[in-house]
Amino acid sequence: MTRVVRIDPQRPDLERLREAAAVLRDGGLVAFPTETVYGLGAHALNATAVARIFEAKGRPAIDPLIVHLASVDQLEAVAHAVPHVARELAAAFWPGALTLILEKHSIVPEAVTAGLRTVGVRVPSHPIAHELIAMAAVPVAAPSANRFSRPSPTCVEHVLADLDGVVDVVIDGGPTPIGLESTILDLTVAPPLVRRPGGVSLAEIRRIVPDAQSGSALADRDRAQPSPGQLLRHYAPRATLTLYIGAVAMVTERMANDIRRAVASGVRVGVLAPEEDLLALAPRLAAVGAGGRVVTMRCGTRRDRDEAARDLFRTLRALDAEGVDVMFASAPAGEGIDAAIIDRLTRAAEGRVVHT
């Protein structure tokens, strides 16, 4: 039976956090908020506890986990031969939304790393996550707290929708501030590769690692992945999604035509788009006479992409709850958080992307 504990991130209840930390130490599962999304935590050095993560999520063994630490001082407990550049990056971005892939310490179970010689590590900045891990006094393996391939959870309701009854404790710390997972930078290859875009941009990383490259790719499920978030189907709603990338005028013209055809075929359509795109679509949808067959949801604006990032997984789940058959989503091409949004939507669409 899952116990839900409400904790104010601004004034954390230390006694409740101690109780949750004890659950982690004893091999239990605790879902908790980070600055990115909610994580599903287990003692990273306890192979039995780690196995419970994979079982609870329905996660394939080829998809490695990220190990969360309370401070950079714990780094060498899980990573071997830590390069100087890793410490430079840690000084600049930790605590925060950057995961570093490093050579793993032999003490880390193979289940954590999908049998690979590398491990992803970060120090979260969310006050609840930080205090919980510090009190547990163990490294904490924590993927997103949702069923595998579903949109990541950014509030406690999302966690409970997927995992109620299969985890021991869920800490309700309110909505997560960033709303997208951490950036993952692989320091075990040359040049260093951003395996997954996220809350820290490539431009920010290049201030310290000038030769860092973007290495995000769509992978299949036949081999161990070098990083979480690489599989083709990920972050996906139940409805079939298509992503449109480009300027407002071109995107909305193509979307309107595809929506018209979908409505004519008798399916119920969901549209997830920035405010500007929805305003441009409105007269086209009125002309289609779609009526109740089209459900639209605002996902931030093109002016404020941080808001769009916070909205993304919430709106994907909300459209699913409307019972739509297909979804059409739009996003502008760009750097920084735009790249992370496009990455998540591309995987949610299983590669169905229209460039206009």
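So, here is what we can say about the structure in this document. (Residues numbered from 1 in each chain as written. Predicted model: local features only at pLDDT ≥ 70, side-chain atom pairs only at ≥ 80, totals over all residues. Heavy atoms only, no water.)

1. Side note on the sheet that holds strand β13 (residues 269–273)
Put simply, the rule is: Strand pairing is assigned whenever DSSP identifies at least 2 bridges connecting the two strands. Strands are runs of DSSP state E lasting at least 2 residues, helices are runs of H or I lasting at least 4, and numbering of each runs from the N terminus. Note on geometry: axes are C-alpha line fits, over the in-contact stretch for helices, and angles between N-to-C directions span 0 to 180 degrees. Note on contacts: a residue pair is in contact if any heavy atoms of the two residues lie within 4.5 Å.
Across the sheet, which stays open at both edges, the five strands sit in the order β14-β13-β15-β12-β16 with parallel pairing between neighbours. Sheet topology places β14 (294–298) and β16 (353–355) at the edges, where each strand pairs with a single neighbour. Strand-to-strand twist in this sheet, taken as the mean axis angle between neighbours without regard to direction, amounts to 20 degrees. With four bridges connecting them, β13 and strand β15 (residues 326–331) associate as parallel partners. For Val269, the partnering residue across the bridge sits in β15 and is Val326. Lying over the sheet, helix α9 (residues 248–264) contacts β12 (240–245), β13, β14, β15 and β16, oriented at roughly 175 degrees with respect to β15. Strands β12, β13, β14 and β15 of the sheet are contacted by helix α11 (residues 305–321), whose axis makes an angle of about 150 degrees with β14.

2. Observations regarding the environment of Arg11
As for its placement among the helices and strands, Arg11 is situated in the loop between β1 (3–6) and α1 (14–25). Sequence separation between Arg11 and Leu319 is 308 residues, and the spatial gap between their C-alpha atoms is 34 Å.

3. Thoughts on the sheet that holds strand β7 (residues 140–141)
On the basis of which strands lie adjacent, the open sheet formed by 11 strands has the order β1-β8-β2-β3-β7-β4-β6-β5-β9-β10-β11 and mixed pairing. Both edges of this open sheet fall to β1 and β11 (213–214), since each of them pairs with a single strand only. Bridge count between strand β4 (residues 66–68) and strand β6 (residues 118–122): three bridges; the pairing is parallel. Paired with His68 across the bridge in β6 is Arg122.

4. Looking at the nonpolar core
What tends to happen in soluble globular proteins is that the nonpolar side chains get buried as a cluster. Our working definition: What makes a nonpolar core is a set of buried Ala, Val, Leu, Ile, Met, Phe, Trp, Tyr and Cys residues whose side-chain atoms join them at distances within 4.5 Å. When a residue's accessible area, from a 1.4 Å probe over protein chains only, is under 20% of the maximum for its type it is buried; when over 50% it is exposed; and in between it is partly exposed.
Core analysis: the largest hydrophobic core is formed by 46 residues, its most contacted members being Leu40, Leu98, Leu100 and Leu185. Here this core gets five residues from one element, more than from any other, and that element is helix α2 (residues 47–57).

5. Things to note about α9
This is how it is decided: One fewer than the residue count of a helix, multiplied by 1.5 Å, yields its expected span.
Relative to the 24 Å expected for 17 residues at 1.5 Å per residue, α9 spans 24 Å between its end C-alpha atoms, a close match to the ideal helical length. For α9, the full list of buried residues reads Val251, Thr252, Met255, Ala256, Asp258, Ile259, Ala262 and Val263. At the exit of α9 stands Gly266, carrying a positive phi of roughly 95 degrees.

6. Brief notes about the environment of Pro151
Relative to the elements of secondary structure, Pro151 occurs in the loop between β7 and α7 (156–163). A residue is classified by how much of its surface remains accessible, and Pro151, at 0% relative accessible area, is buried. Filtering out sequence-adjacent residues up to four positions away, Pro151 remains in contact with Asn146, Tyr235, Ala236, Pro237, Phe313, Leu316 and Arg317.

7. Observations concerning the packing of α1 against helix α6 (residues 127–136)
Condition: Any angle between 65 and 115 degrees counts as roughly perpendicular, while under 35 counts as roughly parallel, over 145 as roughly antiparallel, and the rest as oblique. Rotating anticlockwise by less than a right angle from the far helix to the near helix defines a left-handed crossing, while the corresponding clockwise rotation defines a right-handed one. Gly counts as polar in this scheme, as do all residues outside two lists: the nonpolar Ala, Val, Leu, Ile, Met, Phe, Trp, Tyr, Cys and Pro, and the charged Asp, Glu, Lys and Arg.
Where α1 meets α6, the closest approach of the two axes is 8 Å, and the angle between their N-to-C directions is 55 degrees. If you check the angle between α1 and α6, you find them oblique. By crossing handedness, the relation of α1 to α6 is classed as right-handed. Contacts from Leu14, Leu17, Arg18, Ala20, Ala21, Leu24 and Arg25 of α1 reach α6 at Ile128, Glu131, Leu132, Met135 and Ala136. Its residues placed into classes, the contact of α1 with α6 shows nine nonpolar, no polar and three charged.

8. Comments concerning unusual backbone geometry
For the bond running from Trp94 to Pro95, omega is -5 degrees, close enough to zero to count as cis. Residue position: Pro95 is located in the loop between α4 (84–93) and β5 (98–103). The omega angle of the peptide bond from Ala190 to Pro191 is -5 degrees, so this bond is cis rather than trans. Assignment of secondary structure puts Pro191 in the loop between β9 (183–186) and β10 (193–196). With phi around 50 degrees, Ala81 is a residue other than glycine that occupies positive phi space. Take Ala81: it is sitting in the loop between α3 (75–78) and α4. The residue Ser149 is not glycine, and still its phi comes out positive at about 80 degrees. Looking at the element boundaries, Ser149 is found in the loop between β7 and α7.

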